[in-house]
Amino acid sequence: MKTKAAVVFERSGKFTIDEVEISEPREDEVLVRIAATGICHTDLAGKEQYLPIPPERAFPAVFGHEGAGVVEKAGARVTKVKPGDHVALSWDFCGVCPSCKSGNEAYCDKLFLHNFNGARPDGTSTLRKGDQVIHGSFFCQSSLADFALANERNIVKVRKEIPLEILGPLGCGVRTGAGAVMNTLRPSPGASIAVFGVGPVGMSALLASVVCGCTTIIAVDVIGERLEKAREFGATHTVNANDADPVKAVMDITGGGAEFSLECVGNPKVLRQAVDVLPRLGVCGLLGVVPPGTEVALNMDLIMNGRTVRGVLAGDSVSDLFIPRLLDLYSQGRFPFDKLITFYPFDDINEAVEDMVHGRVIKPVVRM
Ligand SMILES: [Zn+2]
Ligand SMILES: [Zn+2]
């Protein structure tokens, strides 16, 4: 069948709305009519060819990995959903490796094969335009399109009373920030936390810090508008790292260090700061994405004194369990992640990207 999709024809190219053909779902696949899709920096990393997608399957490509929509068709072996069900799409995983078997799907041994192969794991393509293969299966969805093919594994069924168009970001950015706090750091009520970088991931971490009962919640960023917004999301203090030494500022606010910190920027200097603000036994979660091979200089003596640096993917969460939990919190008004979103018509996708890159919006979502 045919679908409208945002195709990137070459490295660093713009998104071009085009009509392509999408395959019928295989027996374990689900065809989803996409309602809306969030745009994340990882889509742009794919566009710039920074991801480990095999070069021969890099372009032309359809990206998009924060989709949500309605099940149009389900393969014969699919039991999780049926046509008409509302779903949020997330990352894919193999389901059989030791990480997956132990409930740590975000650390799947075959993460790249299932998310960054430019095709299904077996190398077959789901999209084409006439004779030309279009590379898809990005995060097993390529959801910057009217229709997307996902696997039963990477879809989460959601209640119909929740607006579909806000759900996409739960599958990546929101889950990453909230899960790092709720599943990895697990601060006790009354704890202090410093979040470095308050884009969509950092803002979600702020919301989760409120849910966990943190009483000192410090947002550190270099964009003043974002810091103002951070207050709405629960920050009790803000630090503009352009105006003040963030380590000293956090030390002053907390009177000796933030028990927890998060690096949501992907910058070795910022990671150093996020570790340097910890008191003894403090834990720093690393969420920021950096190019492979990036190194960081840390104070070994400081770490020796009981401090921990912990990398976190996808908020250490099992999407089928965690996304419904976040939605329960949302329904109770305790996790208003929808306030992160600015909507755009699908045709204005390049404008949405520009606004995100320049920090004018936090989480752009295109409506199909
Ligand atoms: Zn696995
Ligand atoms: Zn993402």
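Residues numbered from 1 in each chain as written. Chains lettered and ligands numbered in written order. Predicted model: local features only at pLDDT ≥ 70, side-chain atom pairs only at ≥ 80, totals over all residues. Heavy atoms only, no water.

(A) Representation of the environment of Gly75 in the model. Looking at the element boundaries, Gly75 is found in the loop between strand S5 (67–74) and strand S6 (86–89). Classification of Gly75 as buried rests on a relative accessible area of 8%. Residues Gly75 and Thr216, spaced 141 residues apart in sequence, show a C-alpha to C-alpha distance of 49 Å. Excluding residues within four positions of it along the chain, Gly75 makes contact with Pro25, Arg26, Glu27 and Glu29. (Helix = DSSP H or I, 4+ residues; strand = E, 2+ residues; numbered from the N terminus. Buried < 20%, exposed > 50% of the residue type's maximum accessible area, 1.4 Å probe, protein only. Contact = heavy atoms within 4.5 Å.)

(B) Spotlight on the pattern of salt bridges. Counted under the stated rule, the structure contains 23 salt bridges. With a closest N to O distance of 2.9 Å, Glu161 and Arg159 form a salt bridge. Judged by its relative accessible area of 58%, Glu161 is exposed. When its relative accessible area of 34% is taken as the criterion, Arg159 is described as partly exposed. In this structure, Asp221 and Arg226 form a salt bridge, with 3.3 Å as the shortest nitrogen-oxygen distance. Judged on exposure class, the residue Asp221 and its partner Arg226 are both buried. (Salt bridge = Lys/Arg side-chain N within 4 Å of Asp/Glu carboxyl O.)

(C) Region of interest: the coordination of the zinc ion (ligand 1). Coordination sphere of the zinc ion (ligand 1), protein contribution only: Cys94 (SG), Cys97 (SG), Cys100 (SG) and Cys108 (SG), at 2.3 to 2.4 Å. Here the zinc ion (ligand 1) is ringed by four donor atoms whose angles at the metal span 103 to 118°, and the overall shape comes out tetrahedral. (Donors = N, O, S within 2.8 Å, 3.2 Å for Na, K, Ca; no water. Tetrahedral: all angles 85-135°; square planar, octahedral: opposite > 155°, others 65-115°.)

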